[in-house]
Amino acid sequence: MNVNLDSSWKKELENTFNEPYFLELVRFIKQEYRNHTCYPPGKNIFSALDDCPLYKLKVVIIGQDPYHGKGQAHGYCFSVPNGVNPPPSLINIFKELEDDLNITIPDNGDLTRWSKQGVLLLNSTLTVRENLAGSHQNKGWEIFTDKIIEIISSKRNNVVFLLWGSYAKSKAKLIDNANHLILTSGHPSPLSANRGYWFGNKHFSKTNSYLKSNGLDEVLW
């Protein structure tokens, strides 16, 4: 696994790469990719970070696990490559976006257009074995991505953190809510959304209002 990151992240994480837990994680991931089909492709494991240099990011969306179906995961939470059918959670994200900001549901599920604008689409676990959800959890990724959240919280101001679902909400303790906006809601998965915990949260308009009030460019969702 080649840890080839944007320089702003590399500077903040260089000590992490030599910590015992991370070296063990690298050994585990290399073995998994060698012996099994895993996602995303190795070159895309850190794509979300590479798209969002630390000092340019302005929104963080936290997911849990990459998609584990063939061709779905490409290094960004909730996103799928162009040409891959959007999963149910992503469809519900688009429905809320349409209701909130009157944005037509797009014809593809590729969210890199958000990432390029400084929206960090960060899964807590960055890899997974094919068709085996959660297979790379509790191997060290969570320590690494928690560190990333803490770095953002301490090094930046006025970042919007979107925490959807109970797992993402558990990350709130890592964020200084005096310097950042934390928005929480239910998860966009059908199980949660259809019970009234997702639709109507208006997180996209609230995010843009906060960014604008702090002199930052709104996200073109």
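Structural data are supplied above this passage.
Description of the structure in this document.

What counts, and where the lines are drawn
- The numbers attached to residues start from 1 for each chain and follow its sequence in the written order.
- Only residues with pLDDT of at least 70 are given local features in this predicted model, and only at 80 or more are side-chain atom pairs given and counted; all residues enter the totals for whole chains, interfaces and linings.
- Hydrogens and water molecules were not included; the side-chain quantities draw on all heavy atoms of the structure.
- What is meant by a nonpolar core is a set of buried Ala, Val, Leu, Ile, Met, Phe, Trp, Tyr and Cys residues, joined one to another through side-chain atoms within 4.5 Å.
- A 1.4 Å probe rolled over the protein chains alone gives each residue an accessible area, and that area as a share of the maximum for its type sets the label: buried under 20%, exposed over 50%, partly exposed in between.
- Any two residues having at least one pair of non-hydrogen atoms within 4.5 Å are treated as being in contact.
- Numbered from the N terminus, helices here are DSSP runs of H or I no shorter than four residues, and strands are runs of E no shorter than two.
- Whenever Lys or Arg places a side-chain nitrogen within 4 Å of a carboxyl oxygen from Asp or Glu, that contact is recorded as a salt bridge.

A look at the nonpolar core
Inference 1: Among the nonpolar cores identified, the biggest contains 63 residues, and Trp9, Ile61, Trp114, Leu120, Phe144 and Ile152 are the most heavily contacted of them.
Inference 2: Among residues more than four places away in sequence, those in contact with Trp9 are Leu49, Cys52, Pro53, Leu54, Leu57, Ile148, Ile151 and Ile152.

Concerning unusual backbone geometry
Inference 1: With an omega of -5°, the peptide bond running from Tyr39 to Pro40 counts as cis.
Inference 2: Tracing the sequence through the fold places Pro40 in the loop between strand S1 (38-39) and helix H3 (47-51).
Inference 3: Phi angles above zero are rare outside glycine, and Phe78 is one such case at about 70°.
Inference 4: Looking at the secondary structure, you find Phe78 in the loop between strand S2 (59-63) and helix H4 (88-101).
Inference 5: Taking relative accessible area as the criterion, Phe78 reaches 9% and is therefore assigned buried.
Inference 6: Of note, the phi angle at Lys202 is positive, near 55°, even though the residue is not glycine.
Inference 7: Inspection of the secondary structure puts Lys202 in the loop between helix H8 (190-193) and helix H9 (203-213).

A few points about the pattern of salt bridges
Inference 1: Inspection of the entire model under this criterion finds 5 salt bridges.
Inference 2: Here Arg129 ties to Glu32 by a salt bridge, and the two come within 2.9 Å at their closest N and O atoms. Of this pair, Arg129 sits in strand S4 (residues 128-129) while Glu32 is found in helix H2 (residues 20-35), placing the two residues 97 residues apart along the sequence.
Inference 3: On the basis of relative accessibility, which here comes to 24%, the residue Arg129 falls in the partly exposed class.
Inference 4: On the basis of relative accessibility, which here comes to 7%, the residue Glu32 falls in the buried class.
Inference 5: As a salt-bridge pair, Lys171 and Asp146 come within 2.7 Å of each other at their nearest N and O atoms. With a gap of 25 residues between them, Lys171 in the loop between helix H7 (166-169) and strand S6 (181-185) and Asp146 in helix H6 (residues 141-155) connect regions that are remote in the sequence.

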